[in-house]
Amino acid sequence: MSRISIEEQLRSGKMLYFDGGTGSILQENGLQPGELPERWNLSHADFIRGLHENYYKAGANIIKTDTFGLNCLKFAEDELKQIVNAALANANAAREAIENSDHTFAKAPHYIALDIGPTGKLLKPLGDLAFEDAVDVFKSILKPAATCGGFDLVLIETMNDVYEAKAAVLAAKETTDVPIFVTTVYDENAKLLTGADPETCVALFEGLGVTAVGLNCSLGPKQMAPIVPRLVAASSIPVIVNPNAGLPRSENGKTVYDVDPDDFAECMAEIAKAGANIIGGCCGTTPAHIARMVELTKDIPAVYPEPKNLTVITSYTHAVYFKDRPILIGERINPTGKKRFKQALRDHDIDYILQEGLTQQDNHADVLDVNVGLPEIDEPSLICDVITELQGVLDLPLQIDTTDPIALERGLRLYNGKALINSVNGKQEVMDTVFPLVKKYGGVVVALLIDEDGIPETCEGRLKIAEKLYAEAEKYGLKKSDLLIDSLCMSVASDDVAGRETLKTVDAITRNYHGKTILGVSNISFGLPHREIVTAAFFQMAMQAGLSAAIINPNSIDIQKAYACHCMLSGFDEKCLDYITFATENEDRLTAGTAPATAGAAASAGVAKPGAASDTLEYFITKGLAEPAAEKTKAMIGEGVDPMVIINDHLINALNIVGKKFEEKTLFLPQLLMSAGACSAAFDVIKTHMINSGTQQQKKCKIILATVKGDIHDIGKNIVKTLLENYGFDVIDLGKDVPPETVVESCIEHHAPLVGLSALMTTTVPSMEATIKLLREKAPWAKAVVGGAVLTQEYADMIGADKYCKDAMETVGYATEVHEAWIKENS
């Protein structure tokens, strides 16, 4: 049967329907705790085919292959290929059966999605899986699937980290030519595990060229409903919504859900009206849920999204829009004219570079320029190192600034987010090199108004190059909104009208072309005395002309004054709050009229925000700077500070500061883990000192940690382990896929007062319940704390856990309570 492509179907104005849960249904039909659902493609092929066919009969247009957890981390190569072939054969057999039947939905469009779930690991620098290794893990299923054929799209789902999702998207783009759908997992605060919000996800995945984007799992339809309008408002591509059937609970050793088909369908009707284009279900949903949903929503039109034409970049946590107020791009991570920075690059002094980045972040830069180009260094290698390290300690978007195409591609590939790219220009060779990279990896690109004939002296000449750049970008599928036009201001010291022509060009691009603009504003004052005065005045004039973004020194008090006043007077500063904050924080500098030196650069203008103690151990830990934290600890010990004072008054205090920010959602998992790493580096120094001096470090109580039988997803457990160890607990980590008997034996051996259990998958929660039951029988003194994406407090109560913790910091708090009780009992 011939069928129109799924892209055409999405533009038809009709709602498309995904199927529902697979693992939860397999569990109801005999899937054992610890048994891998993907093997049912071979052992229970008739059941899998029947399940697919039942979803088609319920009205689903798209079924997902039973391959969610299929990859080389779980399966040997030969078995993996067998399962891929069987999964696709089962799906195609179900499609053939429905299309050759006389069923009501026989003539409906039917598609097959190759289903790809997460690896269960955190990527470096937070975890141990390298980005390219993650790409290869996803290719381990995509390559044999591409060879086999028989699927219409790739669904990358249940992703709680945009970096891992990016690896999966690139693997799919480099292996197949079918459309790619991506859905991510949000918590009740509309955040991914690693901090991204809906707008960030949309911008990043649209930039990578996926066909549809959305959310699935973790939440029920009622909890998902508030997130949908945010996705719809940001997205120029169709939005997918695949909720669970509410929240899970345990009944007689089985996982059940609290939303029935009628309630589910009513909620999904509201979600459809909110602008979703593709709807379906996830854990706990059944063919009955899908059938009722189709019945209630079949007449709701699915309007294909209008292009939003947003100029937007992202880090891994948030998006930056070039829209109203000018965006500030910090210029300090660049060797041009900076002797000390050049030496740092030669010496691979990453800590110096990180401090420059943190100082600019403290001084309210929105984006950081990253340029590490020197003739004598390996730029492709170093730019990757710097990007990785910077993204480990701060969450600002980065501008990848290089003329080396190899360095540019490596940086774009490794970057966690949608980058700003500096730059392309009107030379044909450069456009042919840069635009394909922008198309593949996503990004907004700075477009310099220079071509083979140089920089035109007049505004009119520069606009001709802008038109050429816009036209050439369009050939690669890029939009005007993907470019920031740089009118190239030259020094007025050598050209009296340089400033005037640049400002005319900025104004023309803004008003006549409705484009976005950017300038490196400090060039205007090159060769003049008291450059800051000229630069700040020109910056103010450029903003008034409509400048969208400026590459500036954010540490400069003159730049800060011009910017704060412009935003306030232009109506971008509600109730003048930003200006008042700026004036209050900089009272001494404003009255003195001077600009003290940056940390690490005594001759430059500006500092970190007044009051920031940038040389304390607490500062290094809260910023995630491991090496400076270790060096500071050595210095404190050398000065005679008692190691226990360092631990209790400095390290724990710093962790508490970070933990509080994490709980308040002003800091996210990557920063939490980097701070924990810095704390570990300080602890290692203290441990070494204590061993050498014969001093015993007193540890807190023992805690057993394990990911339960059948579950190989150990991200949550590893995060908890890291924080518990930093707080001084003696952690015994049993790893992943741990049988109940092993957990209990370890608890008895160590007489541990607390056992922590983790599970990501609904199919493995019964193993958690079995472990707790055995623990109660064999080690009744031990408390059980549980966590994981599928758990709730009610669920934890039903399986007999003593405590459910929603995140690692809450686990630390509970462990502290258990430790204090344990101390009291044993004193």
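Parameters and conventions
- Residues numbered from 1 in each chain as written.
- Predicted model: local features only at pLDDT ≥ 70, side-chain atom pairs only at ≥ 80, totals over all residues.
- Heavy atoms only, no water.
- Domains from an automatic or database assignment.
- Contact = heavy atoms within 4.5 Å.
- Salt bridge = Lys/Arg side-chain N within 4 Å of Asp/Glu carboxyl O.
- Polar contact = N/O pair within 3.5 Å; in protein donor to acceptor, adjacent residues only side chain to side chain.
- Helix = DSSP H or I, 4+ residues; strand = E, 2+ residues; numbered from the N terminus.
- Nonpolar A, V, L, I, M, F, W, Y, C, P; charged D, E, K, R; others polar.
- Axes fitted to C-alpha atoms, helices over the stretch in contact; angles between N-to-C directions.
- Parallel < 35°, antiparallel > 145°, perpendicular 65-115°, else oblique.
- Left-handed = near helix turned anticlockwise from the far one by under 90°.
- Buried < 20%, exposed > 50% of the residue type's maximum accessible area, 1.4 Å probe, protein only.
- Pairing = 2+ DSSP bridges.
- Right-handed = clockwise from strand over helix to strand, strands pointing away.
- Expected span 1.5 Å × (residues − 1).
- Disulfide = S-S within 2.5 Å.
- Core = buried A, V, L, I, M, F, W, Y, C linked by side-chain atoms within 4.5 Å.

Things to note about the domain arrangement of the chain
Argument step 1. Domain boundaries assigned for the chain yield domain 1 (6-297), domain 2 (312-519 + 548-553), domain 3 (601-685) and domain 4 (702-826).
Argument step 2. A separation of 29 Å is found between the C-alpha centroids of domain 3 and domain 4.
Argument step 3. At the junction of the two partners, domain 3 supplies 13 residues and domain 4 supplies seven residues.
Argument step 4. Counting across the domain 3 and domain 4 interface gives zero salt bridges.
Argument step 5. Counting across the interface, domain 3 meets domain 4 through four residue pairs in polar contact (both at pLDDT 80 or more).
Argument step 6. Top element by residues in the side of domain 3 that touches domain 4 is helix 27 (residues 669-693). It accounts for seven residues.
Argument step 7. Looking at the side of domain 3 that touches domain 4 residue by residue, the class counts come to nine nonpolar, three polar and one charged.

Remarks on the packing of helix 18 (residues 459-475) against helix 19 (residues 498-511)
Argument step 1. At their nearest, the axes of helix 18 and helix 19 sit 9 Å apart, and the two run at 40° to each other. Considering the angle they form, helix 18 stands oblique to helix 19. Note that helix 18 runs across helix 19; the crossing there is right-handed. In this structure, helix 18 contributes Cys459, Glu460, Arg462, Leu463, Ala466 and Tyr470 to the contact, and helix 19 contributes Glu501, Thr502, Lys504, Thr505, Ala508 and Ile509.
Argument step 2. Tallied by class, the residues present in the contact of helix 18 with helix 19 amount to six nonpolar, two polar and four charged.

Focus: the pairing of strand 19 (residues 516-520)
Argument step 1. Judged by how many residues are buried, strand 19 sits mostly within the fold: four of five residues are covered.
Argument step 2. Note: strand 18 (residues 483-486) against strand 19, three bridges, orientation parallel. Within the sheet, the bridge partner assigned to Leu484 lies in strand 19 and is Lys516.
Argument step 3. A crossover links strand 18 with its parallel partner strand 19, the connecting element being helix 19, and its sense is right-handed.
Argument step 4. In this structure, strand 19 lies alongside strand 20 (residues 549-552), joined through three bridges in parallel fashion. Its bridge partner being in strand 20, Gly520 is matched across the sheet by Ile551.
Argument step 5. Traced from strand 19 through helix 20 (residues 531-544) to strand 20, the parallel crossover comes out right-handed.

A closer look at helix 18
Argument step 1. With 17 residues, helix 18 ought to run about 24 Å at 1.5 Å a step, and its terminal C-alpha atoms sit 25 Å apart, in line with that.
Argument step 2. Among the residues of helix 18, Cys459, Gly461, Arg462, Leu463, Ile465, Ala466, Leu469, Tyr470, Glu472 and Ala473 are the ones counted as buried.
Argument step 3. Structurally, helix 18 contributes buried residues whose contacts are with strand 16 (420-425), helix 17 (428-441), strand 17 (444-448), strand 18, helix 19 and strand 19.
Argument step 4. Gly477 sits one or two positions beyond helix 18 and adopts a positive phi of about 80°.

Concerning the state of the cysteines
A covalent bond between the sulfur atoms of two cysteines is what we call a disulfide.
Argument step 1. Evaluation of the coordinates by the stated rule reveals zero disulfides.
Argument step 2. With no disulfide of its own, Cys148 has Cys72 as its nearest cysteine by sulfur position, at a separation of 18 Å.
Argument step 3. Here Cys148 falls in the partly exposed class, since its relative accessible area comes to 37%.
Argument step 4. Looking at the unpaired Cys701, the closest cysteine sulfur is the one in Cys747, lying at 11 Å.

Some thoughts on the sheet that holds strand 6 (residues 212-216)
Each strand in a sheet pairs with another by means of backbone hydrogen bonds, the pair being arranged parallel or else antiparallel.
Argument step 1. In space, the eight strands of this open sheet follow the order 1-10-7-6-5-4-3-2, with parallel pairing throughout. Only two strands of the sheet have a single neighbouring strand rather than two, namely strand 1 (16-17) and strand 2 (62-64).
Argument step 2. Two strands pair when backbone bridges link them, and strand 4 (residues 153-159) and strand 5 (residues 180-184) are joined in this way by four bridges, in the parallel orientation. Each bridged residue has a counterpart across the sheet, and for Val154 the counterpart in strand 5 is Ile180.
Argument step 3. Strands strand 4 and strand 5 of the sheet are contacted by helix 7 (residues 162-173), whose axis makes an angle of about 170° with strand 4.

Here we look at the packing of helix 4 (residues 45-58) against helix 12 (residues 287-297)
Argument step 1. Contact geometry of helix 4 with helix 12 gives a least axis separation of 8 Å together with a crossing angle of 20°. It follows that helix 4 is roughly parallel to helix 12 by the angle criterion. In terms of crossing hand, the pair formed by helix 4 and helix 12 is right-handed. Contacts between helix 4 and helix 12 involve Asn54, Tyr55 and Ala58 from the first element and Pro287, Ile290, Ala291 and Val294 from the second.
Argument step 2. In the contact of helix 4 with helix 12, the residues fall into six nonpolar, one polar and no charged.

Describing the nonpolar core
Argument step 1. Within the largest apolar cluster, 193 residues are counted, with the highest numbers of intra-cluster contacts made by Phe205, Val241, Ile279 and Leu651.
Argument step 2. The residues touching Phe205, leaving out its near neighbours within four places in the chain, are Val162, Ala165, Lys166, Val182, Thr184, Val210 and Val213.
Argument step 3. Grouped together as the second largest cluster of nonpolar side chains are 28 residues, Ala759, Val765, Leu775 and Val786 included.

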